[in-house]
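# Descriptive analysis of the structure
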Amino acid sequence: MELKIQDLAKNFGGIRALKGISITLSGNELVGLIGPNGSGKTTLVNIIGGIYKPDKGQIFFNGADIAGLKPNKVTKHGIGRTFQVTRAFRRMTVRENLLVPGMAHDPQRGREAWEERGREVLEFLMMDHLRNDYARNLSGGQQKLLELGQVLMTDPSLIMLDEPFAGVHPKLMETIFDYITTLHSGGKAFIIVSHDMDSIFTLSERLIVLSDGDIIADGDPETVKHDE
Ligand code: ADP
Ligand code: MG
């Protein structure tokens, strides 16, 4: 996996959410993205994921220009993401929630194949017992897990998680932490936005700190920790 971001900028009216940032990620790097509220973390994830078009700058993923592509096209390149506020389909079951991104991604592969993939994902997340539960009845943490499951359906090489630990019960937080570690050892790259400093410092190989739309630090967690 290689993600190359160059001089990326985004304004919302008068707000300069990103002021021209450059980042290169390669291999299966696990990058923590931190910074105060409103510093541009979610905006960065949204632009890479295709929710917003950048005003300026380039994004290349494995050599392909993906800047400005729609989210479903970005997914086809092998990038998956979760949302800060979960977007599971509340009136669908867990099983159906997994089927939707699969079928949308590649209908040709057929429903049975996606059902099977869904079973694999639920087994990995140890959520099989919840397969027929409605998403609206899951806890906040379980909904975050379900969203991770939706992302895993298409087997992306880069996974972006926006605040995966926010509002999650500590026990489930540990579980999510472990799944990230396992997936990372399996070769997946991550960009993880988090407010939870303990977990993000432990988890990350590299930390990028945003402040007011600019990168103010980028390096290994130890170095960043001691950077004023
Ligand atoms: P973070 O995730 O680091 O808390 P965001 O990326 O959500 O920050 O926001 C960065 C800045 O851009 C903030 O000032 C925020 O209010 C603004 N912003 C983000 N999304 C929008 C939007 N859709 N419309 C207007 N302003 C936005
Ligand atoms: Mg945010």
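Look a little higher up for the structure.
The paragraphs below set out a description of the structure included in this document. (Residues numbered from 1 in each chain as written. Chains lettered and ligands numbered in written order. Predicted model: local features only at pLDDT ≥ 70, side-chain atom pairs only at ≥ 80, totals over all residues. Heavy atoms only, no water.)

For M126, which is not glycine, the phi dihedral falls at a positive 50°. With respect to the helices and strands, the residue M126 is situated in the loop between α4 (111-124) and α5 (140-152). (Helix = DSSP H or I, 4+ residues; strand = E, 2+ residues; numbered from the N terminus.)

Glancing now at the coordination of the magnesium ion (ligand 2). For the magnesium ion (ligand 2), the full set of protein donor atoms is T42 (OG1) and Q84 (OE1), and the range of their distances to it is 2.0 to 2.5 Å. Taken together, the residues T42 in helix α1 (residues 41-49) and Q84 in the loop between β6 (79-81) and α3 (94-105) connect sequence positions 42 residues apart. (Donors = N, O, S within 2.8 Å, 3.2 Å for Na, K, Ca; no water.)

Now for the sheet that holds strand β1 (residues 2-12). If you walk across this open sheet you meet the four strands as β2-β1-β4-β5, and the pairing is antiparallel. Two strands bound the open sheet, and with one partner strand each, they are β2 (15-26) and β5 (64-65). Note that strand β4 (residues 56-61) and β5 share two bridges and pair antiparallel. Note on β5: the bridge partner recorded for F60 is D65. Its contacts with the sheet place α1 against β1, β2 and β4, and it is angled at close to 115° to β1. (Pairing = 2+ DSSP bridges. Contact = heavy atoms within 4.5 Å. Axes fitted to C-alpha atoms, helices over the stretch in contact; angles between N-to-C directions.)

Turning next to the environment of V224. With respect to the helices and strands, the residue V224 is situated in helix α8 (residues 221-225). Between the C-alpha atom of V224 and that of L122, which follows or precedes it by 102 residues, the distance is 36 Å. Beyond its immediate stretch of four places on either side in the chain, V224 contacts L207, V209, A217, D218 and G219.

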